[in-house]
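Residue strings, one per chain:
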Amino acid sequence: MSRRSARILVLLAVLAVVATASLGVGSVRLSPARILAALSGEGSDATIVRDLRAPRVILAALVGLALGAAGAAYQGLFRNPLADPYVIGASSGSALGATLVMVSLGGAGALGFGAVSLGAFLGAMAAAGLVYASTAWWGPAPIVTLLLAGTAVSSSLGAVVWLLMVLNNEELARIVLWMMGSLAGRGWATVLGGTPYIVVGFAGLCVLARPLDALSLGERQAAALGLPLRRMSGFVVAAASLATAAAVAVAGIIGFVGLIAPHVARAFVGARHRYLIPASGLAGAILLVLADDLARTVVAPVELPVGILTAILGGPFFLIVLRRSGR
Amino acid sequence: MSARLRARGLSCGYGRGLTDVLAAVDLDVPAGTVLALLGPNGAGKTTLLRTLARLLPPRGGTVLLDDEDVWDRGRSWTHRRLAVVLPDDPGGARLTVEEVVRLGRAAHRGWWLPMTAEDDEAVARALELTRLMAMRHRTVDALSAGEWQRVTLARSLAQEPRVLLLDEPTAHLDWSFQIEILDLLDRLAREEGLAVVVSLHDLNQASTWADRIALIAEGTLLTEGTPEAVLTPEILARVYNCPVLVDRHPVSGAPMVLPPPRRRNH
């Protein structure tokens, strides 16, 4: 086994430890021994761990996996260390698509998750595709151009979401809470609903590792390698958008995980996407599980939406990367 | 295994522009020869190379590789036989030298098939030929412009092409590396039978290392022939619009182009 595969296994082990420990974090603190007892036993501990905390921790890991892998893919595709699903507007696109579905179905849980996910997916595809197409038209985009294009797309789409919320104020509270990005109160149904989309999106990005390596050298160099570039970048946008959309559909907008995770992963396994995509996914999962632990406890008994926490922590990180990449 | 690159009645240009950058280009590059493309800035050397490399669809005419139209045979067929070195910088890519060179095998393995021992050999050979073996684990964002130039050449050699196209491969290189690259191209043509097309700015490099020179000017291939036939004071004065002197290399006897003496104020 290569050194880098071993490091990915280390990340996986860290995730397992962090996730298990997180089952004990919350209003009722549980020791490792009580967690293990609760996983197999009966009683109130078992209810807390198995029905409340386990789905939430697993969901945090899945959403982190999706956002981390999508962030690595967007950074390769856009050749930009600051790209992530949030920055380039894919998250806002998902949010708009999902909100449109929620508003038009009037919160009918019956049609439920599939329709919201589909709306989120189409929204993410449209936003990421729009940003990619506009920067491609202008030629190789300087870092700042992409950020401005992403900001423009994000704020227009965000404004439409707010408009929809104002027009449908019976849904207002629910949508606001969801827009802030939160994992509170999610159960096994949400985990099962989101998993297939996240798995397909993540697997797709793993398979596209070689085209991503080629694209990270720039479109002209990638074309010179004899790869079908347009189709490949289309597949990358689709897979990354699917992962983003699933994450947004289950947890709302959680920014900066997709920005930070690839930078952490690159320090561990280098830039080759065959290793970088899985490592970024795992780093994102670890980050989000930890962030959600913080969100549950930092101002207990009140719970912070985890999206607010990642934004508070991620903003300074964004500025550091921006400063370093400016050199 | 010999290959021959030909262009017949080729017009090149971009998109739906009204005029061709170049028109009526006929070229013939047999295996084992080096053809230098010369011409003033903006004459269309890069456009012609991109069209020959099947990166830009021709606006008219055909590009033939072993008598087959590259647009009929398709992308991967072409890039298993033809490689192109373009002068782009690595952007922000953090891949290592070896990882970039390995990407040259994508033409053979597609976007998904795993690499084999055959690919490892081709990569090792490309690293040896360009003397990059010692720095194969360095990341490309930390390389000098000249080192990156050698990496892109190594990547194209890993493709194991029969035809090699290069756009100003000696730009940014210091004198000794320029000579090393040109010697390598010469060896690849002579010993491996590659057909090489290389655009150059330095007329004397073309005279020394090319078997034939194609002069691109005035929207077409103005003239093509041996260095002796193309590098004459009359032709060069017309194309570059300034007077030049042409002398002989003291050892090889190849034509050497010199600037006119500095004018002095009296």
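Scroll up for the structure.
All values derive from a computational prediction rather than experimental measurement.

A. Looking closely at the overall build of chain A. Along the backbone of chain A there are 14 helices and zero strands. Starting at the N terminus and ending at the C terminus, chain A contains elements arranged as α-α-α-α-α-α-α-α-α-α-α-α-α-α. Its C-alpha atoms give chain A a radius of gyration of 19 Å, within 12% of the compact-globule value 20 Å for 327 residues. Expressed as a percentage of the 327 residues in chain A, the buried residues total 51%. Pairs at least 24 residues apart make up 78% of the contacts formed inside chain A by residues separated by at least 6 positions.

B. Region of interest: the sheet that holds strand S10 (residues 220–225) of chain B. All names here are of chain B. The sheet built from six strands is open, its strands ordered S6-S7-S8-S3-S9-S10 with mixed pairing. A single partner strand is all that each edge strand has here, and the edge strands are strand S6 (82–85) and S10. The mean angle between the axes of side-by-side strands here comes to 15°, regardless of whether they run parallel or antiparallel. Judged from the five bridges that link them, strand S7 (residues 163–167) and strand S8 (residues 195–199) form a sheet pairing that is parallel. Among the inter-strand pairings, Leu165 is bridged to a residue of S8, identified as Val197. Here helix H1 (residues 45–52) sits on the sheet in contact with strand S3 (34–38), S6, S7, S8 and strand S9 (212–217), set at roughly 150° to S8. Packed on one face of the sheet, helix H8 (residues 175–192) meets S3, S7 and S8 and runs near 155° to S8.

C. Fine view of the pairing of strand S12 (residues 255–258) of chain B. Residue and element names in this part refer to chain B. Bridge count between strand S11 (residues 245–248) and S12: four bridges; the pairing is antiparallel. From the neighbouring strand, Val246 faces S12, where its bridge partner is Val257. Counting the residues that bridge the hairpin from S11 to S12 gives six residues, and of these Gly253 lies at a positive phi of roughly 80°.

D. Summary view of H1 of chain B. All names here are of chain B. Taking burial as the measure, the eight residues of H1 include six buried ones, the bulk of the element. Every buried residue of H1 is accounted for by Lys45, Leu48, Leu49, Arg50, Thr51 and Leu52. Within two residues after H1, Arg54 carries a phi angle of roughly 65°, on the positive side.

E. Geometry of the environment of Leu212 of chain A. Residue and element names in this part refer to chain A. Its location among the elements puts Leu212 in helix H9 (residues 209–216). Owing to 28 C-beta atoms within 10 Å, Leu212 belongs among the buried residues under this scheme. Taking C-alpha positions, Leu212 is 20 Å from Leu147, a pair spaced 65 residues apart along the chain. Filtering out sequence-adjacent residues up to four positions away, Leu212 remains in contact with Ala73, Gly76, Leu77, Val236 and His273.

Rules and cut-offs
- Residues numbered from 1 in each chain as written.
- Chains lettered and ligands numbered in written order.
- Predicted model: local features only at pLDDT ≥ 70, side-chain atom pairs only at ≥ 80, totals over all residues.
- Helix = DSSP H or I, 4+ residues; strand = E, 2+ residues; numbered from the N terminus.
- Rg over C-alpha atoms; globule rule 2.2 N^0.38 Å.
- Buried ≥ 20, exposed ≤ 12 C-beta atoms within 10 Å, placed from the backbone.
- Contact = placed C-beta atoms within 7 Å.
- Pairing = 2+ DSSP bridges.
- Axes fitted to C-alpha atoms, helices over the stretch in contact; angles between N-to-C directions.

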